[in-house]
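Spelled out, the chains give:
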Amino acid sequence: MSTDNGYKSGSNLEKVLKAGHFAFTGELGPPRGTGAEEVLEKAQHLKGVVDAVNITDNQTAVVRMSSWAASLLLVQEGLEPNFQMVCRDRNRLAMQGDILGVYTHGVRNMLCLSGDHAKFGDHPDAKGVFDIDSMQLIAMVKQMRDEGKFLGGADIEHPPKIFIGAAANPFAEPYDWRPHRLSKKIDAGVDFIQTQCIYNMDRFREFIKVANDMGLTEKCYILAGVTPMKSVGMAKYMKNKVPGMDVPDDTIKRLQGAEKGKVAAEGIKMACEQIEEFKEMDGVHGVHLMAIEWEHKVPEIAEQAKVLPRPQVD
Amino acid sequence: MIVAKRKPFDEIMELLQDYKKVLTVGCGTCVAVCLAGGEKEVAVLNSELDMARKLADNPIELGSTTLERQCDREYLDELASKVDEYDALLSMACGVGIQFLAERYPEKPVLPAVDTSGLAVNQSVGFYEERCRSCQQCVLGWTGGICPVTMCAKGLYNGPCGGTNLGSCEIDPEQPCAWYMIHERLAKQGRIDNIKNICSAVGWKDTVPRTLIQPGYKKPEEEGA
Ligand code: SF4
Ligand code: SF4
């Protein structure tokens, strides 16, 4: 089912993707406090440079300004948020209430995630909710949108029309299961996927090939996840400490080979090379750039990756 | 079986500080098998308490008994002639047994000497691994006999999540990923189709105190009716 204009949600991201443009999304982590200026300052760098901005939800299980509140700040600033929601912190009542609330205030995209375990964060003893999981969350948002019904079955007055996103990690075992998991998310109702940060291009090419063969990339839009490396230390940390992250030794070697003071520039160059390849890759419909705490670099990266100006679709 | 571990000694000392005459009650079933609260553990705890209270200049008189099962009314009745002699009862049974003892002798303070941690298997002497959270709607039939409710750190019904790391769970390299194992086992059995369909949102059964009546039986108060 779609809205009168043929869109499921009418979000900018949906319009860009549906028109066949190569999408380019960014990311913004809300502050560890009440500073709206901080959100707005980061947002300024992304304005006009990306099609939508993911607003993380207590990312890595560390408490931050709630993702819905930061999303509203973006809406007020004329940017389009991609409201992230994890299953760790809310039960189905709170989730549905928040979805109604953000929609009322203009949020049109959502990313449905399981969420990192609380053990990683600043409240490691917190009880994880996981009343529903990410698959069930996708299905719930779809039911709210397309059937106009809450999970419990009651009718919703003015159902929220959300463009439904989810994550996929082609780099976590079992590898041969990952395309099937993507397929399950499509069955659940996902419209677009943003992948885990990609460094191992061979593995990603393999994943996309299987997804293409299974017909999955015709059923949802795939945005390839890119995070430029700022330093050798960051690359090593990602390789060794972040679960589900696959950083090949070659990536680290190439950064180590960069001239002194030019490592970050090399990281950006590598990211842009990736983006160039994704533009040509069958089954990839855009890039999700996660330049965490590096928002001010996004315009430069977008320029260098030749994804500007962003398309305007009416 | 139900597994439990003795509480830290200082905590038990604190629980008992106001009592002079205490009966330590062990249980001969699960907690005896898992080396937490059987006859032997009762004897060890009592001798430690006796010594510590003497040293603290606050001697305590301790009795000991180990029932066959503290979760069975019949065995609890055996204590009826003894409890009056004591200020308090210190139970080394699981949480179920401790509560049943307290329910049977409501006029006496009943104190726990163990922390109950769950339904577990015995992997080697003294080492137990949790396997079931008694969710009341068992899914083992389609998950290859591996419980995602208990073994997946997020209790996911549609795993694995993106945190699987070389077959381990994102929380700890030492903790196998439940969904990785489920996938492996089902793949070996040629049953991977089991997990290709979405498992929809669960209707939780454990959000209220539960009772269970087997077919053909009734609640006791209904029997005469
Ligand atoms: S699914 Fe897991 S928690 Fe539920 S009854 Fe079966 S083993 Fe126990
Ligand atoms: S890594 Fe595996 S066991 Fe750990 S939370 Fe994810 S699916 Fe569950």
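Relevant structure appears above.
With respect to the overall build of chain B
Right, so step 1: The helix and strand inventory of chain B stands at eight helices and nine strands.
Right, so step 2: A globule of 225 residues ought to have a C-alpha radius of gyration of about 17 Å, yet chain B, at 22 Å, is considerably larger.
Right, so step 3: Considered along the principal axes of its C-alpha atoms, chain B spans approximately 65 × 55 × 25 Å.
Right, so step 4: Classification of the 225 residues of chain B by burial places 40% in the buried group.
Right, so step 5: Sequence separation of at least 24 residues holds for 60% of the intrachain contacts in chain B that already meet a minimum separation of 6.
Right, so step 6: Carbon and sulfur atoms make up 52% of the accessible area of chain B, which totals about 12,400 Å².
Right, so step 7: Both charge centroids of chain B, one from 24 positive and one from 32 negative side chains, sit 6 Å from each other.

Remarks on the nonpolar core
Right, so step 1: Core analysis: the largest hydrophobic core is formed by 92 residues, its most contacted members being A:Phe24, A:Met110, A:Leu137, A:Leu182, A:Phe204 and A:Phe278.
Right, so step 2: Here the element with the most residues in this core is helix H5 (residues 134-147) of chain A; it accounts for six residues.
Right, so step 3: Discounting residues that sit within four places of it in the chain, A:Phe278 has contacts with A:Phe22, A:Ile198, A:Met201, A:Phe204, A:Ala224, A:Val226, A:Val284 and A:Val287.
Right, so step 4: B:Val42, B:Leu76, B:Leu79 and B:Val83 belong to the second-largest nonpolar core, a separate cluster that totals 39 residues.

Topic: the pattern of salt bridges
Residues and elements named next belong to chain A.
Right, so step 1: Counted under the stated rule, the structure contains 34 salt bridges over all chains.
Right, so step 2: As a salt-bridge pair, Lys239 and Asp249 come within 3.2 Å of each other at their nearest N and O atoms. Separated by ten residues along the polypeptide, Lys239 in helix H8 (residues 232-241) and Asp249 in helix H9 (residues 249-256) bring together distant segments of the chain.
Right, so step 3: Taken together, the salt bridges that share partners define one network made up of Lys8, Lys142, Arg145, Asp146 and Asp191.

Description of the packing of H5(A) against helix H6 (residues 178-188) of chain A
Residue and element names in this part refer to chain A.
Right, so step 1: At a minimum axis separation of 8 Å, H5 and H6 run at an interaxial angle of 25°. In terms of orientation, H5 and H6 fall into the roughly parallel class. Residues Ser134, Met135, Ile138, Ala139 and Lys142 of H5 touch H6, and the partners they reach there are Arg181, Lys184, Lys185 and Ala188.
Right, so step 2: When grouped by side-chain class, the residues that make up the contact of H5 with H6 number four nonpolar, one polar and four charged.

Let's talk about unusual backbone geometry
All names here are of chain A.
Right, so step 1: In this model, Glu173 is joined to Pro174 through a cis peptide bond whose omega is -10°.
Right, so step 2: Residue position: Pro174 is located in the loop between strand S5 (163-168) and H6.
Right, so step 3: A cis amide bond, omega -5°, links Leu308 with the succeeding residue Pro309.
Right, so step 4: The topology assignment puts Pro309 in the segment after helix H11 (298-304).

Structural notes on H6(A)
All names here are of chain A.
Right, so step 1: Among the eleven residues in H6, nine count as buried, and that is most of the element.
Right, so step 2: Buried within H6 we find Arg178, Pro179, Arg181, Leu182, Ser183, Lys184, Lys185, Ile186 and Ala188.
Right, so step 3: Residues of H6 that are buried sit in contact with H5, S5, strand S6 (192-197), helix H7 (201-213) and strand S7 (221-226).
Right, so step 4: The positive-phi residue at the C-terminal boundary of H6 is Gly189, with phi of around 125°.

Considerations on the interface of chain A and chain B
Right, so step 1: Taken together, the contact pairs 28 residues of chain A with 29 residues of chain B.
Right, so step 2: Taking both sides of the interface into account, the surface hidden between chain A and chain B amounts to around 2,400 Å²; carbon and sulfur atoms contribute 56%.
Right, so step 3: Ranking the residues of chain A by area buried against chain B places A:Glu173, A:Trp177 and A:Lys184 at the top, with a combined share of 25%.
Right, so step 4: Applying the counting criterion to the chain A and chain B interface returns zero salt bridges.

Describing the site of ligand 2
Right, so step 1: Taken together, B:Cys152, B:Ala153, B:Lys154, B:Pro160, B:Cys161, B:Thr164, B:Cys169, B:Glu170, B:Cys177, B:Ala178 and B:Trp179 are the residues near ligand 2.
Right, so step 2: For the shell around ligand 2, the per-class residue count stands at eight nonpolar, one polar and two charged.

Observations concerning helix H5 (residues 95-104) of chain B
All names here are of chain B.
Right, so step 1: Residues Gly97, Ile98, Phe100 and Leu101 constitute the buried set of H5. When H5 is viewed along its axis, its buried side chains cluster within an angular range of 165° and face the same direction. Among the exposed residues of H5, those pointing more than 90 degrees away from its buried face are Gln99 and Glu103.
Right, so step 2: Residues of H5 that are buried in the fold lie against strand S2 (21-27), helix H4 (73-76), strand S4 (88-91), strand S5 (110-112) and strand S6 (114-124).

Some remarks on the pairing of strand S9 (residues 172-176) of chain B
Residues in a regular strand project their side chains so that they alternate between the two faces of the sheet.
Residues and elements named next belong to chain B.
Right, so step 1: As paired elements, strand S8 (residues 168-169) and S9 share two bridges and run antiparallel to each other. Considered in S9, the bridge of Ser168 is made with Pro176.
Right, so step 2: Count of turn residues in the S8/S9 antiparallel hairpin: two residues.

Remarks on the packing of H9(A) against helix H10 (residues 263-280) of chain A
Between two packed helices, both the angle of their axes relative to each other and the distance between the axes serve to describe the pair.
Residue and element names in this part refer to chain A.
Right, so step 1: Between H9 and H10, whose axes approach to 9 Å, the crossing angle comes to 135°. Compared by their axis directions, H9 and H10 come out oblique. Residues Thr251, Arg254 and Leu255 of H9 form the contact with H10, whose own contacting residues are Val263, Glu266, Gly267, Lys269, Met270 and Glu273.
Right, so step 2: Of the residues belonging to the contact of H9 with H10, the class tally is three nonpolar, two polar and four charged.

Parameters and conventions
- Residues numbered from 1 in each chain as written.
- Chains lettered and ligands numbered in written order.
- Predicted model: local features only at pLDDT ≥ 70, side-chain atom pairs only at ≥ 80, totals over all residues.
- Heavy atoms only, no water.
- Helix = DSSP H or I, 4+ residues; strand = E, 2+ residues; numbered from the N terminus.
- Rg over C-alpha atoms; globule rule 2.2 N^0.38 Å.
- Buried < 20%, exposed > 50% of the residue type's maximum accessible area, 1.4 Å probe, protein only.
- Contact = heavy atoms within 4.5 Å.
- Areas by Shrake-Rupley, 256 points an atom, 1.4 Å probe, with all protein chains shown as cover.
- Lys, Arg positive; Asp, Glu negative; His and termini not counted.
- Charge placed at Lys NZ, Arg CZ, Asp CG, Glu CD.
- Core = buried A, V, L, I, M, F, W, Y, C linked by side-chain atoms within 4.5 Å.
- Salt bridge = Lys/Arg side-chain N within 4 Å of Asp/Glu carboxyl O.
- Axes fitted to C-alpha atoms, helices over the stretch in contact; angles between N-to-C directions.
- Parallel < 35°, antiparallel > 145°, perpendicular 65-115°, else oblique.
- Nonpolar A, V, L, I, M, F, W, Y, C, P; charged D, E, K, R; others polar.
- Buried area = accessible area lost by both parts, 1.4 Å probe.
- Near = heavy atom within 4 Å.
- Arc of directions from axis to C-beta.
- Pairing = 2+ DSSP bridges.

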